[in-house]
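One-letter residues, chain by chain:
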Amino acid sequence: MSAKLIDGKKISEFFRAEYKLRVDRLVANGTRPGLAVIIVGSDPASQVYVRNKARACEAIGMHSEVHALPGEISQSGLTAFVDSLNANAAIHGILVQLPLPEHIDDRAVIEAIAPGKDVDGFHYANMGALVIDESRFPPCTPYGVMKMLEYEGIDIEGKHVVIVGRSNIVGKPQAMLMLKAGATVTVCHSKTRDLARFTRDADILVAAVGKARMIGGDMIKPGAVVIDVGINRLADGKLAGDVDFESAVKVASAITPVPGGVGPMTITMLLGNTLRAAEHVAGIVASKKETMLA
Ligand code: GUN
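Residues numbered from 1 in each chain as written. Predicted model: local features only at pLDDT ≥ 70, side-chain atom pairs only at ≥ 80, totals over all residues. Heavy atoms only, no water.

1. Some points on the side chain of Thr-199
In step 1: If you trace the backbone, Thr-199 turns up in helix α8 (residues 195-199).
In step 2: For Thr-199, a relative accessible area of 1% puts it in the buried group.
In step 3: Of note is the side chain of Thr-199, whose polar atom sits 2.8 Å from the backbone oxygen of Met-219.
In step 4: With near-sequence residues (within four places) excluded, Thr-199 lies in contact with Val-162, Val-164, Leu-205, Met-219 and Lys-221. (Helix = DSSP H or I, 4+ residues; strand = E, 2+ residues; numbered from the N terminus. Buried < 20%, exposed > 50% of the residue type's maximum accessible area, 1.4 Å probe, protein only. Polar contact = N/O pair within 3.5 Å; in protein donor to acceptor, adjacent residues only side chain to side chain. Contact = heavy atoms within 4.5 Å.)

Structure, rendered in structure tokens:
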């Protein structure tokens, strides 16, 4: 048996086409959605991610601006910069690319973003809303995972979802979104004893640990759905997920590849969150159908 491949590029195209129509409608009403991305310092991987985000905005007609700030910028200099974007009416979404340099307090910078422009969904106000079930900006990667499952018609209600990883960016918000969808959720992490005992019980397994190929086919229940959030650079320069694809694809019923799985969906959901922020400012409520797709 070989698992069905869940094609994140194809699913992204579907959503981006829908978003483009909504951008066109907003532009016709006098509002062009705008995203500002701040990158501090010169981390090469972050530079690639930021460039991809800006390109994706432009491809659907949104305004984007990238602000590359020097790695030596002070905490107060950075929060003042965020404040200037908070006050800029052409900007509906603000994203500060993480990680930030050591001397900067990430949390203080995230809290400086106006919650209504926090399209990453990392501000306490948005994280809190996520827990209570009312978030306008679900964090992009876990939200992308939910949309992939929805697109594929994979039921979540009543399923045992096992998430490996407890980060603020993926693991924790993923758990909240899965709970909302009616799953029974287990969150495993680096201190979990006998990880395989849990992963083998998963109907849907979400791997978000950041360790190349650490989840093998022998740790997966036959027929499970496997979502690989990991993007790890190998010594030979190739990319690998957290799941050992070759062995997992023989056991799972459906699986996301790396690259081409969750990665494109993260950027797509960023576009969706920015669009939603702009629609909110413009007083437009997306139709129910659009909201479900959004
Ligand atoms: N670095 C890695 N993933 C992310 C993300 O989703 N948002 C931001 N701002 N930085 C990141």
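2. Focus: the site of the ligand
In step 1: Close to the ligand lie Leu-95, Val-96, Gln-97, Leu-98, Asp-120 and Phe-122.
In step 2: One nitrogen or oxygen atom from the main chain of Val-96 is found 2.8 Å from a nitrogen atom belonging to the ligand.
In step 3: Leu-98 is positioned with one of its backbone polar atoms (N or O) 3.0 Å from a nitrogen atom of the ligand.
In step 4: Starting from 280 Å² of accessible surface for the ligand in isolation, the protein chains cover 81%.
In step 5: Of the pockets mapped on this structure, the ligand occupies the largest pocket.
In step 6: Split by residue class, the shell around the ligand holds four nonpolar, one polar and one charged. (Near = heavy atom within 4 Å. Areas by Shrake-Rupley, 256 points an atom, 1.4 Å probe, with all protein chains shown as cover. 1 Å grid on protein atoms, 1.4 Å probe; cavity = no way out; pocket = protein on both sides within 12 Å on 5 of 7 lines; lining within 4 Å. Sits in = over half its atoms within 2 Å of the grid points. Nonpolar A, V, L, I, M, F, W, Y, C, P; charged D, E, K, R; others polar.)

3. A look at the pattern of salt bridges
In step 1: Counted by the stated rule, this structure contains seven salt bridges.
In step 2: The salt bridge partner of Glu-279 is Arg-22, with a shortest N-O separation of 2.8 Å. Taken as a pair, Glu-279 in helix α10 (residues 262-282) and Arg-22 in helix α1 (residues 8-28) lie far apart in primary sequence, 257 residues in all.
In step 3: Glu-279 sits in the buried class, given a relative accessible area of 2%.
In step 4: Overlapping salt bridges bring together Arg-22, Arg-25 and Glu-279 as one network. (Salt bridge = Lys/Arg side-chain N within 4 Å of Asp/Glu carboxyl O.)

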